[in-house]
Amino acid sequence: MRNPDLAYLAERWEPLNEYRFKGSARPWREPINRWLPDTDETVPTSSGAAPMHLSTFALIEAIRAAVRDWTVQAGRTPERTIPELLSGLDGLVPVHPASGSWGREVAGWAADTAHRVRDHLGEVGDGQRLKAICPWCWYQSMVIRCLDARGQVEPFVRCESGVCAPSEHEVSTWWEGLPCWPVGDWQWLAGRLDRVFDDAA
Ligand SMILES: [Zn+2]
């Protein structure tokens with residue numbers, strides 16, 4: 001798939017559905033007789049997983065509804081699995097976001113939703129420092145930040161050394177004077193980070 005956000009959503013569809021059943025622990029007690037005073041027998045005695053994360057369920061249903069809607073709008077049948085439909089949309093969304101407003105809308109929805117899923121699955125740690133040397137300033141100063149740099153909150157890797165100056169074609173977004181790379185650039189960025197070690201070796 002070409003669009004990294006649609007690809008991520010397709011890849012995470014199964015894990016997200018499984019995550020639904022891993023409810024957070026909550027106190028459990030047998031039905032109590034509310035006419036009795038609180039005793040040892042009426043205080044929670046154990047804790048178990050909640051049967052379902054309702055917020056996960058809501059997110060899954062929102063994705064399902066949106067993906068079907070986009071597909072119907074594209075004049076295609078929505079009677080397929082969600083990963084198949086996401087893959088179908090991927091073929092319709094132009095690689096360049098500037099071409100076509102419908103495609104741009106789908107791409108925007110995918111970016112926003114991918115962020116929500118990442119956030120939900122605990123894959124984005126705001127403020128998490130990467131164990132990596134910045135290929136441009138050579139400091140260990142790359143931090144994941146959730147920023148509203150492009151009209152919506154999304155995760156970026158940001159170099160916070162304060163002296164980092166990648167060239168114009170190596171970074172597209174700046175925030176507070178610091179260079180930022182959105183998720184779509186992370187694969188490319190990972191390649192650059194790998195090469196730091198190759199160069200140093
Ligand atoms: Zn840097």
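Structure: see above.
Conventions we followed
Residues numbered from 1 in each chain as written. Predicted model: local features only at pLDDT ≥ 70, side-chain atom pairs only at ≥ 80, totals over all residues. Heavy atoms only, no water. Axes fitted to C-alpha atoms, helices over the stretch in contact; angles between N-to-C directions. Helix = DSSP H or I, 4+ residues; strand = E, 2+ residues; numbered from the N terminus. Parallel < 35°, antiparallel > 145°, perpendicular 65-115°, else oblique. Contact = heavy atoms within 4.5 Å. Nonpolar A, V, L, I, M, F, W, Y, C, P; charged D, E, K, R; others polar. Left-handed = near helix turned anticlockwise from the far one by under 90°. Expected span 1.5 Å × (residues − 1). Bend = angle between axes of the 7 residues up to and from the residue. Buried < 20%, exposed > 50% of the residue type's maximum accessible area, 1.4 Å probe, protein only. Polar contact = N/O pair within 3.5 Å; in protein donor to acceptor, adjacent residues only side chain to side chain. Donors = N, O, S within 2.8 Å, 3.2 Å for Na, K, Ca; no water. Tetrahedral: all angles 85-135°; square planar, octahedral: opposite > 155°, others 65-115°. Pairing = 2+ DSSP bridges.

In this structure, what is going on with the packing of helix α1 (residues 4–19) against helix α3 (residues 82–90)? I would like to understand it.
Geometry of a packed helix pair, given as the angle between the helix axes and the separation of the axes. Their axes nearest at 9 Å, the elements α1 and α3 cross at an angle of 170°. Viewed along their axes, α1 and α3 adopt a mutual orientation that is roughly antiparallel. In contact with L6, L9, A10 and W13 of α1, α3 contributes I82, P83, L86, L89 and D90. Split by residue class, the contact of α1 with α3 holds eight nonpolar, no polar and one charged.

Before we go on, may I ask you to explain the packing of α1 against helix α4 (residues 101–120) in this structure?
It is at 10 Å that the axes of α1 and α4 come closest, and there the two elements cross at 35°. When you trace α1 past α4, the crossing you get is left-handed. Across the interface between the two elements, D5, L6, Y8, L9, R12, L16 and Y19 from α1 touch A107, W109, A110, A111, T113, A114, V117, R118 and H120 from α4. When the residues that make up the contact of α1 with α4 are grouped by side-chain class, the tally is eleven nonpolar, two polar and three charged.

Even after reading the chapter, I still don't get α1, so can you show me in this structure?
An α-helical turn contains 3.6 residues, so any two residues separated by three or four positions project in the same direction. Here α1 spans 22 Å end to end across 16 residues, near enough to the 22 Å set by a 1.5 Å rise per residue. At W13, α1 shows its maximal bend, which comes to roughly 45°, and the proline P15 appears one to four places after that position. Among the residues of α1, D5, L6, Y8, L9, A10, W13, L16 and N17 are the ones counted as buried. For α1, the N-terminal cap is N3; the gap from its side-chain oxygen to the backbone nitrogen of D5 is 2.8 Å.

When you look at the coordination of the zinc ion in this model, what are you seeing that I'm missing?
For a metal with four donors in a tetrahedral arrangement, the ideal angle between donors is 109.5 degrees, while six donors in an octahedron ideally sit at 90 or 180 degrees. All of the protein donors around the zinc ion are C134 (SG), C137 (SG), C159 (SG) and C164 (SG); their distances to the metal are 2.2 to 2.3 Å. Of note is the zinc ion, whose four donor atoms meet at the metal with angles of 104 to 118° in an arrangement that counts as tetrahedral. Donor residues binding the zinc ion come from one chain and are separated in sequence as C-x2-C-x21-C-x4-C. Looking at C159, the relative accessible area reads 0%, which means it is buried. Exposure remark for C164: the relative accessible area of 8% places this residue in the buried category.

What is the right way to read the sheet that holds strand β5 (residues 173–175) from this model?
The strands that make up a sheet pair up through hydrogen bonds in the backbone, lying either parallel or antiparallel. Judged by pairing direction, the sheet is antiparallel, and its four strands sit side by side in the order β3-β4-β6-β5 without closing on themselves. What marks the edges here is a single partner per strand, and that holds for β3 (142–147) and β5. Direction aside, the axes of adjacent strands within the sheet are offset by 40° on average. Bridging between strand β4 (residues 154–159) and strand β6 (residues 178–182) involves three bridges; their strand directions are antiparallel. Pairing of F156 across the sheet is with P182, part of β6.

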